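Here is how the chains run, residue by residue.
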Amino acid sequence: MNGRNDFAVRIGTVNGTGSASANGLLMQAIFRMGVPVSGKNIFPSNIQGLPTWYEIRVSGAGWTARPSAIDLVVALNPATHAQDVALVRPGGVLLYDSTWPLDAALHRDDITILGIPFGQLCVQAFERDRDRTLLRNICYAGALAALLDLELGVIETLLTETYGKKPHLLAANHTAMQMGYDAAQRLGVCPLPFHVARMDRTGDAILIDGNTACALGALYAGATVGAWYPITPATSLMEAFKSFCERYRIDPVTKRHRYAILQAEDELAAAGIVIGAGWAGARAFTNTSGPGISLMQEFIGLAYYTDIPAVFFDVQRCGPATGMPTRTQQADLLSLAYASHGDTKHIVLFPADPRECFELAVQAFDLAERFQTPVFVASDLDIGMNDWMVPRFTWDDSYRPDRGKVLDAEALERIQKFSRYRDADGDGIAARTLPGLGGKGAYFVRGSGHDQHAGYTEDAAAYQEVVDRLARKIAGAATAAPAPVLTAHGPAPAEIGLITIGGCDEAVREAAAMLDAQGHAVDVLRVRAFPFHADVQRFIDSHDTVCVVEQNRDAQLRALLAVELGVPRDRMHAILDYGGLPLTAQVVVDAVLALGAGVAA
Amino acid sequence: MNGRNDFAVRIGTVNGTGSASANGLLMQAIFRMGVPVSGKNIFPSNIQGLPTWYEIRVSGAGWTARPSAIDLVVALNPATHAQDVALVRPGGVLLYDSTWPLDAALHRDDITILGIPFGQLCVQAFERDRDRTLLRNICYAGALAALLDLELGVIETLLTETYGKKPHLLAANHTAMQMGYDAAQRLGVCPLPFHVARMDRTGDAILIDGNTACALGALYAGATVGAWYPITPATSLMEAFKSFCERYRIDPVTKRHRYAILQAEDELAAAGIVIGAGWAGARAFTNTSGPGISLMQEFIGLAYYTDIPAVFFDVQRCGPATGMPTRTQQADLLSLAYASHGDTKHIVLFPADPRECFELAVQAFDLAERFQTPVFVASDLDIGMNDWMVPRFTWDDSYRPDRGKVLDAEALERIQKFSRYRDADGDGIAARTLPGLGGKGAYFVRGSGHDQHAGYTEDAAAYQEVVDRLARKIAGAATAAPAPVLTAHGPAPAEIGLITIGGCDEAVREAAAMLDAQGHAVDVLRVRAFPFHADVQRFIDSHDTVCVVEQNRDAQLRALLAVELGVPRDRMHAILDYGGLPLTAQVVVDAVLALGAGVAA
Amino acid sequence: MTSIAKPPVRHPSARLNGLGLALRDYEGAMSTLCAGCGHDSVTAALVQACWELDLPPHRAAKMSGIGCSSKTTAYFLKQSHGFNSVHGRMPSVTSGAAAANRGLICIGISGDGDSLSIGLGQLSHAIRRNVDMLYVLENNGVYGLTKGQFSASADLGSRSKRGEANEQAPIDPVLLALALGATFVARSFSGDKQQLVPILKAGLAHKGLALIDVISPCVSFNDHEGSTKSYAFTRAHEVEAVHADFIPLRHAITVGEGSEPVQVVQLHDGSSVRLRPTADDYDPTDRDSAYAHVRGCQARGEIATGLLFVDETGKDMHDFLHTVETPLIDLPYEQLCPGAAAMDDLMSRYR
Amino acid sequence: MTSIAKPPVRHPSARLNGLGLALRDYEGAMSTLCAGCGHDSVTAALVQACWELDLPPHRAAKMSGIGCSSKTTAYFLKQSHGFNSVHGRMPSVTSGAAAANRGLICIGISGDGDSLSIGLGQLSHAIRRNVDMLYVLENNGVYGLTKGQFSASADLGSRSKRGEANEQAPIDPVLLALALGATFVARSFSGDKQQLVPILKAGLAHKGLALIDVISPCVSFNDHEGSTKSYAFTRAHEVEAVHADFIPLRHAITVGEGSEPVQVVQLHDGSSVRLRPTADDYDPTDRDSAYAHVRGCQARGEIATGLLFVDETGKDMHDFLHTVETPLIDLPYEQLCPGAAAMDDLMSRYR
Ligand SMILES: Cc1ncc(C[n+]2csc(CCOP(=O)(O)OP(=O)(O)O)c2C)c(N)n1
Ligand SMILES: Cc1ncc(C[n+]2csc(CCOP(=O)(O)OP(=O)(O)O)c2C)c(N)n1
Ligand code: SF4
Ligand code: SF4
Ligand SMILES: [Mg+2]
Ligand SMILES: [Mg+2]
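Position numbers for residues count from 1 along each chain, tracking the sequence in the order it is written. As they are written, the chains are lettered A onward and the ligands numbered 1 onward, keeping that order. Since the coordinates come from a predicted model, pLDDT governs what is reported: local features require at least 70, and pairs of side-chain atoms require 80 or more to be given and counted, while whole-chain, interface and lining totals use all residues. Side-chain numbers come from the whole structure's heavy atoms, not from hydrogens or water.

A.B. asks: Hey, could you go over the overall build of chain C for me, with residue numbers and the actual values?
C.D. replies: When helices and strands are counted, chain C shows eleven helices and twelve strands. Just to be clear, the radius of gyration here is over C-alpha atoms, and the globule rule we use is 2.2 Å times residues to the power 0.38. On C-alpha atoms alone, chain C measures out to a radius of gyration of 21 Å, which is about the 20 Å that the 2.2 N^0.38 rule sets for 351 residues. Overall size of chain C, expressed as C-alpha extent along the three principal axes, is 75 × 50 × 50 Å. Each accessible area is a Shrake-Rupley result for a 1.4 Å probe, and residues are judged covered by the shown protein chains and nothing else. About 11500 Å² of surface is accessible on chain C, with carbon and sulfur atoms providing 52% of the total. Positive charges come from Lys and Arg alone, negative charges from Asp and Glu alone, with His and the N- and C-terminal ends not counted. All charge positions are set by atom: Lys at NZ, Arg at CZ, Asp at CG, Glu at CD. Here chain C contributes 31 positively and 38 negatively charged side chains, and the mean placements of these two sets differ by 6 Å. We count a stretch as a helix when DSSP gives it H or I for four or more residues in a row; a strand needs E for two or more, and each element gets its number in order from the N terminus.

A.B. asks: Tell me about the overall build of chain A, and name the residues and values.
C.D. replies: Within chain A one finds 19 helices and 21 strands. Compactness check: chain A gives a C-alpha radius of gyration of 26 Å against a globular reference of 25 Å for 601 residues, within 12% of the reference. Note on classification: 1.4 Å probe, protein chains only; a residue is buried when its accessible area is under 20% of the maximum for its type, exposed when over 50%, partly exposed between these limits. Relative to its full complement of 601 residues, chain A shows a buried share of 67%. We call two residues contacting when some pair of their heavy atoms lies within 4.5 Å. Considering only contacts within chain A whose residues lie at least 6 apart along the sequence, 75% involve residues at least 24 apart. On chain A, roughly 18100 Å² of surface is accessible, and the fraction owed to carbon and sulfur atoms is 51%. Charge-centre separation for chain A: the mean point of 51 positive side chains lies 5 Å from the mean point of 67 negative side chains.

A.B. asks: Which residues make up the interface of chain B and chain C, and what are the values?
C.D. replies: Contact residues are listed per partner, giving 22 residues for chain B and 26 residues for chain C. When two parts are put together, the accessible area they lose, computed with a 1.4 Å probe and summed over both, is reported as buried area. Both faces combined, the contact of chain B with chain C buries some 1600 Å², and carbon together with sulfur accounts for 54% of it. When the buried area of chain B at its contact with chain C is split by residue, Ile-47, Gln-48 and Tyr-229 of chain B rank highest and sum to 32% of it. Think of a salt bridge as a Lys or Arg side-chain nitrogen and an Asp or Glu carboxyl oxygen that are within 4 Å of each other. The salt bridge involving Glu-164 of chain C is made with Lys-242 of chain B; its shortest N-O contact spans 2.7 Å. Within 3.5 Å is the distance limit for a polar contact, defined as a pair of N or O atoms, with the added protein rule that one can donate a hydrogen and the other accept it, and that residues adjacent in sequence qualify only through two side-chain atoms. Linking chain B with chain C are eight residue pairs in polar contact (both at pLDDT 80 or more). Those elements that place two or more of their residues in the side of chain B that touches chain C are α8 (235-248) and α9 (267-280) of chain B. Under the scheme applied here, ten amino acids are nonpolar (Ala, Val, Leu, Ile, Met, Phe, Trp, Tyr, Cys and Pro), four are charged (Asp, Glu, Lys and Arg), and all others, including Gly, are polar. Per-class residue counts for the side of chain B that touches chain C are nine nonpolar, seven polar and six charged.

A.B. asks: Any details on the interface of chain A and chain C? Residues and values, ideally.
C.D. replies: Between chain A and chain C, the contact holds 74 residues from the first and 60 residues from the second. Linking chain A with chain C are four salt bridges, by the criterion used here. Linking Asp-345 of chain C and Arg-247 of chain A is a salt bridge whose minimum nitrogen-to-oxygen distance equals 3.8 Å. Counting across the interface, chain A meets chain C through 27 residue pairs in polar contact (both at pLDDT 80 or more). Those elements that provide at least two residues to the side of chain A that touches chain C are α1 (19-32), β7 (205-209), α7 (210-221), α8 (235-248), β9 (260-263), α9 (267-280), α10 (290-306) and β15 (444-446) of chain A. Top contributing element to the side of chain A that touches chain C by residue count: α9 of chain A, with nine residues. Of the residues that constitute the side of chain A that touches chain C, the class distribution is 41 nonpolar, 19 polar and 14 charged. Note on pairing: two strands pair once DSSP finds at least 2 bridges between them. Looking at chain direction, β15 of chain A and strand β2 (residues 81-84) of chain C are connected through three bridges and run parallel. Looking at β2 of chain C, one finds that Val-445 of chain A is bridged to Phe-83 of chain C.

A.B. asks: Give a description of the coordination of the magnesium ion (ligand 6) that names residues and reports values.
C.D. replies: Residues and elements named next belong to chain D. Listed donors are limited to N, O and S atoms within 2.8 Å of the metal, widened to 3.2 Å for Na, K and Ca; water is not among them, so incomplete-looking sites are possible. All of the protein donors around the magnesium ion (ligand 6) are Asp-112 (OD), Asn-140 (OD1) and Val-142 (O); their distances to the metal are 2.0 to 2.2 Å. For the magnesium ion (ligand 6), all donor residues lie on one chain, and their spacing in sequence is D-x27-N-x1-V. Of the two residues, Asn-140 and Val-142, neither departs from the other in class, the shared state being buried.

A.B. asks: Describe the sheet that holds strand β10 (residues 284-288) of chain A, and please don't skip the residues or the numbers.
C.D. replies: Each strand in a sheet pairs with its neighbour through backbone hydrogen bonds, running either in the same direction (parallel) or in the opposite one (antiparallel). In spatial order, the strands read β9-β8-β10-β11-β13-β12-β19 (chain A); together these seven strands make up an open sheet with mixed pairing. Each end of this open sheet is capped by a strand with a single partner; those strands are β9 and β19 (529-530) of chain A.

A.B. asks: Give me the coordination of the magnesium ion (ligand 5): which residues, what numbers.
C.D. replies: Residue and element names in this part refer to chain C. Every protein donor of the magnesium ion (ligand 5) is listed here as Asp-112 (OD), Asn-140 (OD1) and Val-142 (O), and their distances to the metal cover 2.0 to 2.2 Å. Sequence spacing of the donor residues for the magnesium ion (ligand 5), all on one chain, is D-x27-N-x1-V. Residue Asp-112 is found in helix α4 (residues 112-116), and its partner Asn-140 is found in the loop between β4 (133-139) and β5 (142-143); the two are separated by 28 residues along the sequence. In terms of burial, Asp-112 and Asn-140 fall into one category: buried.

A.B. asks: Tell me about the site of ligand 1, residues and numbers included.
C.D. replies: Residues are counted as near a molecule or strand when any one of their heavy atoms sits within 4 Å of it. Around ligand 1 lies a shell of 24 residues, among which Glu-267 of chain B together with Ser-69, Asp-112, Gly-113 and Gly-144 of chain C are the nearest. The site occupied by ligand 1 is bordered by residues of chains A, B and C. A distance of 2.5 Å is found between a nitrogen atom of ligand 1 and a side-chain nitrogen or oxygen belonging to Glu-267 of chain B. Gly-113 of chain C has a polar backbone atom sitting 2.8 Å from an oxygen atom of ligand 1. For ligand 1, whose unbound accessible area comes to 590 Å², protein coverage reaches 98%. Going through the elements one at a time, α10 (290-306) of chain B together with α2 (68-71), α4 and β5 of chain C are the ones with two or more residues in the shell around ligand 1.

A.B. asks: So what about unusual backbone geometry? Which residues, and what values?
C.D. replies: If a residue is not glycine, its phi is most likely negative; likewise, a peptide bond is most likely trans. Between Thr-232 of chain A and Pro-233 of chain A the backbone carries a cis peptide bond, its omega angle lying at 0°. In this structure, Pro-233 of chain A sits in the loop between β8 (225-228) and α8. Its identity as a non-glycine residue notwithstanding, Ala-454 of chain B has a phi of 70°, on the positive side. Locating Ala-454 of chain B in the fold gives a position in the loop between β15 (444-446) and α15 (460-480). Judged by its relative accessible area of 4%, Ala-454 of chain B falls in the buried class. At Ala-555 of chain B, a residue that is not glycine, the phi angle is positive and equals roughly 55°. Relative to the assigned elements, Ala-555 of chain B resides in the loop between β20 (545-550) and α18 (556-565). The class for Ala-555 of chain B is buried, based on a relative accessible area of 3%.

Treat this as a map of the structure, not an account of what it does.
This is the structure in structure tokens:
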């Protein structure tokens, strides 16, 4: 990673100072130059005044995982100079805001150090404090444009799109940008050896975050009830749903809403609302993160045991407890798969990127209604809150929601007796009726022991009949849920098989390519649903060396594979990364190589 | 099971009518005749008016598991006549209250049917409605005394001990008892072929339930703060603790309490109170059941991540959801072992009977303080609420609580800097200070990311250092927690190894004896703690056929063994029983024999 | 316990309501509560109220948490869907059902443990959200189903069966609801069907959350001497503030009979309640005077009953949500999905 | 965020309190809240109050939930133990700590989201239990830490930064606390240190739970035009009911200066508050008049502040629990364990 269209930049600044728009501008400009780009925001759990970073990776080859090394660090925050300087790869470049001095002790011989007094320039150019702070960001963006050879025209267009309606702002932004650009030019190093050159590799792509994509999935799936309690990093999912609804779901005549979003008093209530709405026949969902999942456990068991559909988006963050709310992890897997006391097992979907967030969100609603059970979409902070480059979403207008077995008045007419929990079809799924129907369709939901007729029971056999049916039902979901995705090295199984999940996919596939380049053949299988599809077993069986790559301390995916498929735990090497940052390919490569002898060229 | 001192009786009646004292009287009488006895109460989740059963097993050999067959059914509730008649083993006896007719359709040729008009006798003998209802129970107890050849003297003593201070009641009870006794004598079948004959096998034993025993453990361990929210079948644990405290923990002079029992507003609050008290330095505990465990998940993760001791008694009942609150199960194992979102792992102890409830309760407090972490005692309804015959408890006055690493002012003096989460000893356990100490001992507990100095962090390495320490700490508990108990068939490993847990133990050991009698050698290993002791692995390794016997649908113990020890799932046969009643030996025997070919004689 | 269905015999001469249904059609499964339990009287009053109101059973949704009280939902309206959820969380489940289908008539039944301990937050927020529902709190001062522990509504000094006196002050759901801005607040007594039935009817017709605190004695654990939630104590200390008569839409409204002062509150469906204060200068449409009245009764050791406060002008949850009139579950998918063209259009925002 | 320790320099001329400590000794880590956040003013007032009270830092336990407000505990009393627990559950953790060690001076800090949404049940039950603690509710009408959603204390019509008006009625912690029987209820404003410091001191000295609702503007999300929890709005609408002066034990108590009516409430540790009503006939020891006053202010669009109600005669949690005077954690094991002889004796009960 250190050439044209193949490098990474990391910008270190202070949160609450408005750097997000400058970073977005840079991302967008590179993207519009047709060059694949990705960005990772590494921000603190507070509102203002603490260190924050943004990493931009440019990869003509299309790799969008978090970069394994940083070519250029932009150090705008004196408080993190030490950290920032240390991060530059040997031979790389440090650009710092020379308004404040760089401690001589931090100087490194193996990197190029550049200084531009962004702060001072802005103080000279602008009057108001707020402007000085905000425009410093555009100023460094201008400098990067020069250093990285971004097309000024593209940047100007972007600025115009954003500020076109506010000429004063547009002018100021333009000034700041140009100021940075010129200052960089004066350094005499532009463009840097690693820089951007126009390509045509983003034509069909968009830049979007997973929370927005999940929201769009819920919108298109026809979800009408959303209930939630604010929590990072899940919050923006419901915010996006709201803004989509405001655009697409307002009755044009009455201005009334074709949706209901309830900001509940807590996560327990959010779960209760979603379950009540699901029971009543709405497609309903909630979005939360780990602490919310813990609080919802009792309700999840209720929905499982009473066959009520509901969709839960878990945008995972770093646990346990409050943990690191602005760091990513995949550590709720066990909590989700077996959520609630007693015997339970749940359908969990694992999107790998925003595009899949959209698709799996839609499928989650279908699966929830078809299997009449809670379905979890396990996203994470990295997918949910960072902008990813993915193929644009498309929609098939022939899609119709799979409402599963719902008896309406007419269907009810045709049957003698309605038994809510009778497994008439042998698939473990019993037909339901919706409240409002009445008559012989009426039944009583109870989280207490019930028989197949929904009657109260304490009888062992009648109880077992129902829980056995539930087990069959969920087992059946393994086939209906999205199958794993194989990235094969060749037609025959490679020696090494990497199994991974969710947002690790990008880094794992990149690692496979890197290993390939070093002469190691690697296949990658990405699991997309729990319970596991039969293909997962086949993949394991056909690979001598199997590694499971995931972002948690306790190898939770591997544990699930051991329990559910019966694969001996130690048949699978655990490759774990759980510091809270998105995975890099290098971590995987190093871990695979460290397996040592076992891995042949 | 059908001989002298080897038989079982089942009494079917209506709850809320006071049969408990009659059943207790019978149990006690047999017990005082020196004959091992056990009782299982099978009661509905309501207060009054529904069918309820009580099973008494008499076993000179000392087996106390739930009986596999019933020799004598006492049918007092016409609503359950059909069920009750069906339950009598071929060749057994049905005794019904002939005040109400027994439907001719229910007659069976293969059993003896006896009728005594208990209701009518009591209507004739007593005036008040309440007396008639209550004394009908003593009346059937009298009949059983005759049929089973119980010593009248023993019964009289028991009645005197209970009603001695209320001569009127004593007389009435005596009358009722005698009335039943005489009526049975008149049937001309007394004693039945199966009956009781004095032995000397209960001299060192007591009859006690597990909840009382846990409470006693908490009392002796020096627990001072108990917080709870009522829930069946955990309620009686705190009630017992309260009554012990009222007896032993009231300051003789001021009459003030050396304990604090808080009936919280819900389980979340109960968990919070216990954690707050544990942090402040008290030995604190809560008692709950499945739904409570689900509600406590968030708090459990907090205590885990912040190294706070707390003891949780989970008296398991039949799940999922509200489930069957008056039925037993062992289905919270996964919920406990990995409670809370994020990476967590907890110490869980599994008592097999009330005596072990006492012992493990004391150990739970020691482990919680030593490892500074939540410790769960996973009991269940069968252990918790039924009276078991166990060796009397003893106490060693030299016991002193293991408070773990707590620095007092003096110890603090000796160190330079106090870092709350520093692993000075390499065992993953960092020393703590208690609030009230102040000065350099003061630190800040946070459920958010923290480093070894208890400072806030979002740094990957600093975060990982702490969670890695936690993983080491809990791994260390595998050795410190109670080792598994082996019941070996002989000096060398048998071909079949049965692994079991908790209250299944009695039935499994009985099954082993039964299998032995049929020529199958079987070893039994009972797991007593999670994480698992190394002996568990050794046991599995040394047995060709391994079965895991537990009371849940999803083979949760087996899943934990697969994940934690790496034993391939299918190396262990699952023997599951989850209808909600205590396990019987026959279920295990049948399952083992059904393994078929693999099991050699 | 097993649910026991009652034999579906209909007496030929049974009186029928406007929907042609007999009282029995509004009944449910056989109660498995203790003989004499106050909750069964509430059930009977509910049956009566629904029958008199011509409530279409299929439109009702019976919601509850966990407890003896929460079992009530099984014992009436057998032709309606019911949902016995988890302890203390009925309000949120009801909020969800009501949000999804505003055509449902939600009848929530809870207990003092269910609503004032574990469920206090949910009750409070359902009040704030003003979910359109009847909320019957069957209040017996104890946790019946778990065998008689004091609940948060146990009065100061009230004695348990074992003789222990409660020392913590009670949470009064009526004061709480008034303080939280509830738009319909009443208290009644399961032993007083005369008073209870019209209040239930008014509560059912009320737009928004109608909270009715019903003192409903637990004969097994809290009906003894020394208890302040016993039948005897409640009878002796009950003071009715306002007597409510409920006048359905189809009846003519006759204001003021004789010399008694009567206030008529029009309910959103056109029906109305006639409130006849038994205390002078009591104004059941004034929140503060209601609060003061309840406090005054408390100070005198009396239990204020009656329809204490009603505000028919408040916004309910669907007003806050600005939802369309059609229940959300009845909206055709076409009105929910923006479609492929919109998607293509939208995608340009992400370039 | 990383906790930033302040340099431990002590100015030589710093004034010392009775314990020989300077104000700085009562400070904590450097705040990481937004510049201008109301919560930081509350921190300053807490530092001041504790210093003036000669509060021994080692005896304090700083308790909080989650939120910007809950971070406050890190910013004062660095020499005290602190516990930043989980969202909305500070009251239970504090109850446990207080039960275990009654010698602790528990200072709980929470926010409106933390206390009135997810934590409403716990707050209410801590009030009922009357845990001996100071309970500061830093109220800004929004969830600050999650970026500005309306909280349950957002006023009707108050507008979000985006311009949306809140339509649901607020939960007023002061009314709630009064209705629930709290024994010390006050409201203040982070911008009014004069008023806040004495109230904090009185709250610290109060026996039982002292609830102080402090309007504490969020400059990042709720300090704009149209917000009713902004500095400007609060300043303009604040109406002080009762001005409290706190008189520590060691000072002589002088009753009534000049002609102003002054009421003196003796606190359990011998100190006292002098209450000087600014409104005529306001009686801060009468719960109902306090309630009426707050409601009256509400009706006039005013915000009632001051020490609104105090009852120093109420029982606290340890009274209910009848616990010994010695903190439970200090009881020697010998006083807790009945020993082997008692065990043998006891065993005979189970034969
Ligand atoms: C989470 C949870 N905790 C505890 C219980 C046990 N429980 C069942 S009912 C009940 C109390 C019911 O009291 P109340 O609501 O007053 O109803 P009542 O029986 O008095 O009518 C409790 C604590 C439960 N079912 N779920
Ligand atoms: C269980 C749980 N749900 C949600 C969150 C996310 N969260 C953190 S702070 C907060 C709200 C804080 O609001 P408030 O108490 O008013 O504090 P403020 O930031 O306004 O001072 C929320 C919802 C969380 N930490 N835990
Ligand atoms: S225990 Fe009490 S509340 Fe429950 S059914 Fe019996 S009388 Fe009713
Ligand atoms: S976001 Fe608001 S509440 Fe939070 S620190 Fe900033 S100003 Fe304070
Ligand atoms: Mg009750
Ligand atoms: Mg707030």
